[in-house]
Structure formats: structure tokens, C-alpha cells
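Reading the structure
Each chain, letter by letter, is given below.
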Amino acid sequence: MSSHDGEDTAEQTSNVSTPEETDSAIITVYIGATVPTGFEHTAAEEVQEKIGVDARISKDRGRIYFPISTDKLFQVHRLRSVDNLFVVVEEYDHYQFKESKEETLMELQQLASKLPWSNALKVWELNRSLKKKKGHRKGGNSTRVKPDSEASVADTRQQELPRETSPAGGDAKTESVADPESCQQDSEEALPEARLIKFRVTCNRAGDKHSFSSNEAARDFGGAVQEFFQWKADMTKFDIEVLLNIHNEEVVVGIALTEESLHRRNISHFGPTTLRSTLCYGMLRLCKPQVSDVILDPMCGTGAIPLEGAIEFNSSFYVAGDNNDMAVNRTVNNVSHIQKRRADKGSSSGLPIDTVQWDVCNLPIKTSSVDIIITDMPFGKRMGSRKKNWDLYPSCLREMARVCRPGSGKAVLLTQDKKCFAKAVSQMGGLWRKVLTVWVNVGGLHAGVYLLKRTAAVFGQTPEDVRQPRGMAGTQMDERDNK
Amino acid sequence: MKLLTHNMLTSHVKGVTKGYPLLIKATEVKVNDVDFNPQFVCRMIPKLEWSALVEAADLLGHRQDLPSELVPDYEKNEDFLKKVHRALLEVEVIEGCLQCPESGREFPISRGIPNMLLNEDEV
């Protein structure tokens, strides 16, 4: 069993319950964060920028790790590219699993009492007290103890997403343990609430060579944890969530710092295909918004992308547009909701964002007046159709090229219809140049985020921007259908 | 609709060549509180159609003595920049319409959202 030497853990766990007195000594721990797959580097950049440390990108895609000292812990809640956060208890790079399932599971059980829980638990407690203070985001100063309204909004409206898993062969489901043994003793820990701690274990397992399932690991490990701490197992109303992440030979034990995933933070009025805010943030970082940039989302849906931009990259100006009645109304509702929340906190509420109802193929916008176009293009699955995309994508790209500033303009476009998109872009070589692609996972679909640069060519002078008469486009589609 | 947005909007009715700027007819206007960023305003001014901004602000009663033409060295005049900031980002048309100066076609504004969708025959 090899141990990763990254942490600064102080003590071995011989007699650890949860800390009885509050240690004011500053300790350093490792934080793990789940991020949208494909945006690990973006997230690492944000960590470097906001926390000032280098993050390590895990072989397990969708995860990064970085060190932090407890006096700076509140900063992790400012990270916008992270879905979930946890504090690492222990990490094994090359865990040598035993041959048989019985031996392996036995070893996992024994592990529970040997792990350096102490620091991680201190961080968990510290984090809990941080969350109780309202306004830990953006350095707000309120110390009223009040349920976090952001969390409760997300609660009532959040659509359930499957937890992050990496399907590298075999069983990669999320499993939790619900140990049938009920714990009757009173807690001996001197926690602020002086009541029994409730916990659950969540195991993610990926890899071909394991002799056990995540179910079994969670159950046995969880049982041992319960024995050791005398906590009570509870699947739904838990205080502490212990994470057991196994990816081939990498084993990470952690304690969750986030309750519900942070990815739906801005949206109170959902639509059928609302993008999670962490993905929006990743896309925005990709286009590097500058001061006074005019940023358009011409197919904004519920406005998730421009809204995230107006909050996080607020020196730019966002125009959100859609042709659909419900979409523009939802966008305005989402903006109003955030503005009201800001007003309640006492800060100036207005956001640099506006909403217009329009047709993306015929934008009522002056030529060359936009710096960045950023949007989630219809995939053709839940919204629109593949057939429509053949017509829509080239028209979109053409119109977007017209309004975008030649030479300096950029576009960041998300789509799952990669074939159609590739064809449309290749037809627009005189106006758009592909810079890079980030492959992401959106609701289980494999999609691409494409960063394009607007060429210096003035619109109206390249063969691509000759607009085809309406009739012809229909004919082309019919021909294709008849083949 | 903020005046910064109005500055970029144009009529795209078929056949229209002079569709900018759109005339504003407002029945409800609101003023918000938006954080002032002088750098933002400075860099935005060269991207604007200045006269269109001043005319629109004037029409809504929020001109605040902005000059018809830009004065040199405005970058250092914080007073001036604050007025531009207010006109660009804080004044909002909530109800009313935008009118194409050439065709007369009206685009309604409701809940702050201008509806610029055209009918089949106007495209």
C-alpha cells in the first residue's frame, strides 16, 4: 500500500473522534474538485488566479486537486468552474489491491481506522461554519445565521443530474451505504450541536481489474467507518459525506464540502436544456472577455451563459437573444432573480445584460459591432432537429460573422452535432478560423466547444456571405432527403 | 432595453437601407443602479454611435447635458464618464416600441424585451 506524500497531515489516527476543541492552528490540506470534463485546465487556471496555487489534474477525468491552508478556505467557494468540492483524507497513487474480493474488502475495512481523518474533519467543520455565514461568495460581510438562499433556490428547482463518473470499464455507479445496524449510543464527540453525527459513504469505482463492486466497497468501508467513529448511517439526512473514489490504482478518500452540486447556481427558472453554470463559466473563460467587450448569445435559451458572464466577467456587456417567447421570458426572470438577490444583500443590483427577441439568422444588429459570440447551439436532440441543423448552422455562422468584428472577433460555440458543424465551418473558411476544440459531456451527450476566430475579411466580400434565396435552401434539403 | 443595446440595434426589414437608429417610443422607463466602471465606459465610447446615444437619452429625459459631440480628453473627466455610464447602462425602456425610421414598422418592447421578429413577408 503506497501513500501519496502530498499532504501535511499532522497525526496518525489512534484515537480520533471529531475534534473537541477548535484548533486555531492553520493547517494545509488537499482539496479535490469535480469539474466538467474537458475544462480541467480552465479550472486549474482559475485556481491559480483566485487561490494562487498550482492545481494537479487527475488521471480521473473531471477532477483536479490543489493544496490550501485553512485560513484561505473560504476562497474555494469563489471558484466558478467547480461542480463539487471535497477535502482529501488520504490519497494512494498505486494502491495494491489484494487478489480476492474478501481480502480486498477486509483491507478496506481495516483502512478506516488507519486513515488520517483529523485534519480533514477540522476542515469539514470549518467549512460548515463558513457556509452558515451568508455572503461567503464575493466577500460579503453579513454574518447573520440564515439558510443559504442560493442553496434553497437550487433545491426547489434543480433538475437531478447523474453524479460525475468516469465509465472506464465496468461498474462506475455511485453507491452509498445504508448500514442496517442502527447506532443506539449517544455521541461522545463534542460537536457544537452535541448530537449524533450522521454520515453516508459514496463510492465511485472505475477500472477493469477490480474484484469488487462500488456497492460492496461502500458497504464494507462504510461499516468500518461507522464502527470507528460511532456515527449513524443515514442515506438522505447526513452531516458528513465520505467519498471513496477508486480509479484503477488510484484511491482517494475524501469528505465532501459541497452539499448539492454548485452547477445550477444562477438559474431559478429552468428550461428544457439549461446548461450548468460551471460549463458556462468554462466557455466564458475560453473566450477571455475583455473590458468593454460586447458579447452576444444569439440562442440564449434560459440565459445561463450571458448571466454567468454578467456576474463573473462583469466588465463586458451581454446581449442575450432568442426567437422563443418562453426563452426570453425565462432569461429575464433569471436576471431579475439574481438582481433581487444582490439588492437584498445591499449591493448595487443592476447587471450588464439585456435581452432581445430575435431570429439568429437575421439579427437586428449593426454589422461589425460585436466582439464575442458565445452560445449553445441546438443539438438537434432535445431542441430542434438534425435536419433543421443542416440549414440553420451555415445561416447562423454567416450572420454571426456579419455582426462580429473582423480581425479581433471571436466565437465560442457548443454543439453536439459535430458533423454538421464541421461542414458549416469548412464552408465559412473565409470568415471563420477554428482555433481549438474542447470535448465535453453535456447531459450524457458527447459535445464539442469550438473556439473560432473571425478573420479580417470584411463581410460582403467573400463568396460565403452571398445570401442564398430562401427557396434554394429548401430544395437542397429535399435533394439530400431523396438520396 | 438599455441604451447601449439600442445603440447596436437596427431595422432589418426587407429593402430598408436606412434602418438606423431606431426611434424610441417609451411608455415606461426605469432607472437602475449599476456598478460604475470608468474603464468600461472609456473603452465603450469609441465603439458607440455617439449622436444616436445622445438623441435617445434626450428623448427619454435623461440626457444630463451630454454634449452633441464628444469633447477631447473625456477619459479623465469622471463626471462626464458617470453621465455616460448612466445613459448607457442605467436607463431602461420597459414598455414602448422601437420604430424603423424608413419603413415606419414598429417593434414592441414589453418587460424590457424588444421583439425584433419579422413576419414572413417582411424578410
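Residues numbered from 1 in each chain as written. Chains lettered and ligands numbered in written order. Predicted model: local features only at pLDDT ≥ 70, side-chain atom pairs only at ≥ 80, totals over all residues. Heavy atoms only, no water.

**Looking at the pattern of salt bridges**
All names here are of chain A. With the rule as written, the count across this model stands at 22 salt bridges over all chains. The closest approach of N and O atoms between Lys 340 and Asp 344, which form a salt bridge, is 3.3 Å. You can see Lys 340 and its partner Asp 344 sitting in helix α8 (residues 325-344), four residues apart, about one turn around the helix. On the accessibility criterion, Lys 340 (53% relative accessible area) is exposed. Two residues, Asp 371 and Arg 405, come together in a salt bridge whose shortest N-O distance is 2.7 Å. Separated by 34 residues along the polypeptide, Asp 371 in the loop between β12 (353-357) and β13 (372-376) and Arg 405 in the loop between α9 (386-403) and β14 (410-415) bring together distant segments of the chain. (Salt bridge = Lys/Arg side-chain N within 4 Å of Asp/Glu carboxyl O. Helix = DSSP H or I, 4+ residues; strand = E, 2+ residues; numbered from the N terminus. Buried < 20%, exposed > 50% of the residue type's maximum accessible area, 1.4 Å probe, protein only.)

**Concerning the domain arrangement of chain A**
Residue and element names in this part refer to chain A. Partitioning chain A into structural domains gives domain 1 (28-132 + 197-256) and domain 2 (277-465). Relative placement of domain 1 and domain 2: their C-alpha centres are 35 Å apart. Between domain 1 and domain 2, the contact holds 14 residues from the first and 16 residues from the second. Summed over both partners, the interface of domain 1 with domain 2 comes to about 1,100 Å²; 53% of that surface belongs to carbon and sulfur atoms. Taken together, domain 1 and domain 2 are joined by five salt bridges. Of the charged contacts in the structure, one is a salt bridge between Lys 50 and Glu 312, with a shortest N-O distance of 3.1 Å. Our enumeration of links across domain 1 and domain 2 arrives at seven residue pairs in polar contact (both at pLDDT 80 or more). Grouping the amino acids of the side of domain 1 that touches domain 2 by side-chain chemistry returns three nonpolar, four polar and seven charged. (Domains from an automatic or database assignment. Contact = heavy atoms within 4.5 Å. Buried area = accessible area lost by both parts, 1.4 Å probe. Polar contact = N/O pair within 3.5 Å; in protein donor to acceptor, adjacent residues only side chain to side chain. Nonpolar A, V, L, I, M, F, W, Y, C, P; charged D, E, K, R; others polar.)

**A look at the pairing of strand β10 (residues 294-297) of chain A**
Residue and element names in this part refer to chain A. Burial along β10 is two-sided: Val 294 and Leu 296 and Ile 295 and Asp 297, pointing in opposite directions, are all buried. When β10 meets strand β11 (residues 317-322), the two strands line up parallel, connected through four bridges. Bridging from a neighbouring strand, Ile 295 pairs with Tyr 318 of β11. As for the winding sense of the linkage, the β-α-β connection from β10 through helix α7 (residues 304-312) to β11 is right-handed. Sheet topology note: the β10/β13 ladder contains two bridges and is parallel. Across the sheet, Ile 295 pairs through a bridge with Ile 372, a residue of β13. (Pairing = 2+ DSSP bridges. Right-handed = clockwise from strand over helix to strand, strands pointing away.)

**Let's talk about the packing of aromatic side chains**
Working definition: an aromatic ring pair is given by the centre-to-centre distance plus the angle between the planes. Residues and elements named next belong to chain A. As enumerated under the stated definition, the model contains 14 aromatic pairs over all chains in all. Seen in terms of ring centroids, Tyr 95 and Phe 97 are 4.7 Å apart; in terms of plane orientation they differ by 50 degrees. Their pairing is tilted. Exposure remark for Tyr 95: the relative accessible area of 1% places this residue in the buried category. Owing to a relative accessible area of 22%, Phe 97 belongs among the partly exposed residues under this scheme. Ring geometry for Phe 97 versus Phe 212: centroids 5.5 Å apart, planes at 45 degrees, classification tilted. (Phe/Tyr/Trp six-rings, centres within 6.5 Å; stacked < 30°, edge-to-face > 60°.)

**Thoughts on the nonpolar core**
Ile 365, Leu 397 and Trp 432 of chain A together with Val 84 and Leu 98 of chain B are the most contacted members of the largest nonpolar core, which has 72 residues in total. Examining the composition of this core, we find that seven residues originate from one element, α9 of chain A, more than from any other. Counting 52 residues, the second largest nonpolar core, distinct from the first, contains Leu 73, Trp 117, Ile 240 and Ile 255 of chain A. (Core = buried A, V, L, I, M, F, W, Y, C linked by side-chain atoms within 4.5 Å.)

**Quick look at the sheet that holds strand β2 (residues 91-99) of chain B**
Residue and element names in this part refer to chain B. Taken together, the four strands give an open sheet; going across it, the order is β1-β2-β3-β4, and neighbouring strands pair in antiparallel fashion. At either end of the open sheet lies a strand with only one pairing partner, and these are β1 (23-31) and β4 (113-114). Summarising the sheet, strand β3 (residues 106-110) and β4 pair through two bridges and their orientation is antiparallel. Paired with Ser 110 across the strands is Ile 113, a residue of β4.

**A closer look at the state of the cysteines**
Counted under the stated rule, the structure contains zero disulfides over all chains. Cys 280 of chain A takes part in no disulfide bond, and the closest cysteine sulfur to it belongs to Cys 300 of chain A, at a distance of 11 Å. As a non-bridged cysteine, Cys 97 of chain B has Cys 100 of chain B as the owner of its nearest cysteine sulfur, 12 Å distant. The exposure class of Cys 97 of chain B is buried, given its relative accessible area of 10%. (Disulfide = S-S within 2.5 Å.)

**Some remarks on unusual backbone geometry**
All names here are of chain B. With an omega dihedral of -5 degrees, the bond running from Tyr 20 to Pro 21 counts as a cis peptide bond. When you line up the elements, Pro 21 lands in the loop between α1 (3-8) and β1. Backbone geometry at Gln 64 places phi at a positive 55 degrees, although glycine is not the residue there. Tracing the backbone shows Gln 64 in the loop between α3 (50-59) and α4 (78-90). The exposure class assigned to Gln 64 is partly exposed, which follows from its relative accessible area of 22%.

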